[in-house]
Amino acid sequence: MSNKIVVLGVTGSIAAYKAVDVASQLTQKGIDVEVILTKAATQFVTPLTFRSITARPVVTDMFQLASPFSIEHVALAEAADLIAIAPATANIIAKLANGIADDSLTCTVLATAAPVVIAPAMHTGMYNNPVTQLNLTKLHQRGFTLIGPLHGRLASGGIGLGRFAPPDEIVTTICHLLDRKKDLIGKEVIITAGGTQEAIDPVRYIGNRSSGKMGYALAAAARDRGAHVRLISAPTSLAKPLGIEVIDVQTAEEMSVAVGEMISRVDILIMAAAVADYRPVKMQKEKVKKADQRWDLTLERTPDILAETASCTPRPLRIGFAAETENLLHNAKVKLDQKDLDLIIANDITIAGSGFGADQNQVVIIDRTGCIEELPLLNKTDVAQRILDRVVKLLAE
Ligand code: CTP
């Protein structure tokens, strides 16, 4: 990554302190990081902090006479290999979407031809506001890459969508964009994500702990590498990724129908969803009232979606996941054989900080020949990219 220049724009959000970590990680990779702070950002973090981390001057003012750059917004806009705005407030998003250029950062973005990455961070109400969504859609259509936001604890004390994405995820995405891998252009991809829910009655269901993060990370990574992605998503609390057609489903049956409708037209199927294996034989129309000490539910098998696609013609590349608590490699290999897969991604869900609900995952990739690639504990964006590297190799073969 040496010889690369990233302009890091920091705007006025409480998450601004996390941008210090982004700047630090990028600098450690040998990237020259040129930081531009908006006036509001300087209320949260100081230029000195970034100057100390990056060993570069920090731009805070359009009219800095002592600046080493002749005219910053032109110099940095032309020099940048990539511009990342992290955190990005609703205000900067609105300005960029509408071409406003009233400070160093907005002028630089308006003047650049480099790819731009935006990591929004804001209150849920501001994020969900249709005008913010419209602005984000405009930026996406102009080719900006959006990272996050996540669902979680916000500065207001509330819980909701709007939390800044983890710095290492932002750094991973920046590095992949600097690499400019566009090796999935023209490919049709279906990715399933989340945990299916099988209704017992109008208020209860059988579900599982899947957050959907792995599937969503795969969908975003495939999109960024040029694929046309359809994401068949069971319920999650994640923001819908822009540029990806999301098909919402609830049950294994609905997911099976959605996959079945599209499978003959795709090059790649990645089943990252945690699909319920059993559902109640009958969904009760009314809420079941408590009565006896025991309540025995009778369950029946759901369709095995991945196994059912084995006979599909033309046959796409089919990749499955195996979430295991014991005998990881053996169980994963059995699934690979039984479902006749091209790859299986095995993850031991007992590892702390990995798998269901976590931002990170530690997986083993196994192919048809039995070749095993063990990956270290990585953030899910990185895992997604590593899986897609293998997919691209298989396509080439
Ligand atoms: N899968 C599927 N349909 C199901 C169950 C699972 O398509 N009804 C897919 C999952 O999306 C995953 C793979 O099959 O890619 C393996 O899922 P997993 O739940 O680990 O295994 P199962 O086949 O359900 O076997 P078991 O629950 O016995 O471990």
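Note that this is a predicted model, so its numbers are computed, not measured. (Residues numbered from 1 in each chain as written. Predicted model: local features only at pLDDT ≥ 70, side-chain atom pairs only at ≥ 80, totals over all residues. Heavy atoms only, no water.)

Describing the overall build of the chain
So, point 1. In terms of regular secondary structure, the chain is built from 13 helices and 21 strands.
So, point 2. Against the compact-globule benchmark of 21 Å for 397 residues, the chain has a radius of gyration of 23 Å, which places it among compact chains.
So, point 3. Its C-alpha atoms give the chain principal-axis dimensions of about 75 × 55 × 35 Å.
So, point 4. Out of the 397 residues in the chain, the part that is buried amounts to 52%.
So, point 5. Contacts in the chain between residues at least 24 apart in sequence constitute 66% of all its contacts with a sequence separation of at least 6.
So, point 6. Counting 41 positive and 43 negative side-chain charges, the chain places the centres of these two groups 3 Å from one another. (Helix = DSSP H or I, 4+ residues; strand = E, 2+ residues; numbered from the N terminus. Rg over C-alpha atoms; globule rule 2.2 N^0.38 Å. Buried < 20%, exposed > 50% of the residue type's maximum accessible area, 1.4 Å probe, protein only. Contact = heavy atoms within 4.5 Å. Lys, Arg positive; Asp, Glu negative; His and termini not counted. Charge placed at Lys NZ, Arg CZ, Asp CG, Glu CD.)

Regarding the pattern of salt bridges
So, point 1. Counted according to the given criterion, the structure contains 21 salt bridges.
So, point 2. In this structure, Lys213 engages Asp359 in a salt bridge whose closest nitrogen and oxygen atoms are separated by 2.9 Å. One end of the pair, Lys213, is in helix H9 (residues 213–224); the other, Asp359, is in the loop between strand E17 (343–348) and strand E18 (360–361), and 146 residues separate them in sequence.
So, point 3. The class for Lys213 is partly exposed, based on a relative accessible area of 24%.
So, point 4. Given a relative accessible area of 33%, Asp359 falls into the partly exposed group.
So, point 5. Through salt bridges that share partners, Arg315, Asp340, Asp342 and Arg368 make up one connected network. (Salt bridge = Lys/Arg side-chain N within 4 Å of Asp/Glu carboxyl O.)

Details of the nonpolar core
So, point 1. Counting residues in each nonpolar core, the largest one holds 35 residues, and the members touching the most others are Ile191, Leu218 and Ile387.
So, point 2. Taken together, the elements giving at least two residues each to this core come down to strand E8 (188–193), H9, strand E11 (228–233), strand E13 (268–271), strand E16 (317–324), E17, strand E19 (363–367) and helix H13 (380–396).
So, point 3. For this core, the leading source of residues is H9, giving 7 residues.
So, point 4. Membership of the second largest hydrophobic core comes to 33 residues, among which are Val45, Val171, Ile174 and Leu177. (Core = buried A, V, L, I, M, F, W, Y, C linked by side-chain atoms within 4.5 Å.)

Looking at the environment of Ala113
So, point 1. Relative to the helices and strands, Ala113 resides in the loop between helix H5 (104–111) and strand E4 (116–120).
So, point 2. Classification of Ala113 by relative accessible area gives exposed; the value is 81%.

What about helix H10 (residues 252–262)?
So, point 1. Residues Ala252, Met255, Ser256, Ala258, Val259 and Met262 constitute the buried set of H10. The buried side chains of H10 occupy one side of the element, clustering within an arc of 165 degrees when seen end-on.
So, point 2. Buried-residue contacts for H10 involve E8, strand E9 (198–199), E11, strand E12 (245–248), E13 and helix H11 (305–308). (Arc of directions from axis to C-beta.)

A look at the domain arrangement of the chain
So, point 1. Under the domain assignment, the chain is made up of domain 1 (5–178) and domain 2 (188–396).
So, point 2. Computed over C-alpha atoms, the centres of domain 1 and domain 2 are 33 Å apart.
So, point 3. At the interface, 15 residues of domain 1 touch 12 residues of domain 2.
So, point 4. Of all residues in domain 1, the largest losses of buried area upon contact with domain 2 belong to His140, Thr172 and His176, amounting jointly to 34% of the total for that side.
So, point 5. Counting across the domain 1 and domain 2 interface gives 0 salt bridges.
So, point 6. Connecting domain 1 to domain 2 are 4 residue pairs in polar contact (both at pLDDT 80 or more). (Domains from an automatic or database assignment. Buried area = accessible area lost by both parts, 1.4 Å probe. Polar contact = N/O pair within 3.5 Å; in protein donor to acceptor, adjacent residues only side chain to side chain.)

Brief notes about the site of the ligand
So, point 1. Neighbouring the ligand are 16 residues; Met271, Ala273, Asp277, Lys335 and Lys339 lie closest to it.
So, point 2. Met271 is positioned with one of its backbone polar atoms (N or O) 2.8 Å from an oxygen atom of the ligand.
So, point 3. Asp277 is positioned with one of its side-chain polar atoms (N or O) 2.8 Å from an oxygen atom of the ligand.
So, point 4. For the ligand, whose accessible area on its own is 570 Å², the fraction buried by protein is 76%.
So, point 5. Top contributing element to the shell around the ligand by residue count: E16, with 4 residues.
So, point 6. Broken down by class, the residue content of the shell around the ligand amounts to 10 nonpolar, 2 polar and 4 charged. (Near = heavy atom within 4 Å. Areas by Shrake-Rupley, 256 points an atom, 1.4 Å probe, with all protein chains shown as cover. Nonpolar A, V, L, I, M, F, W, Y, C, P; charged D, E, K, R; others polar.)

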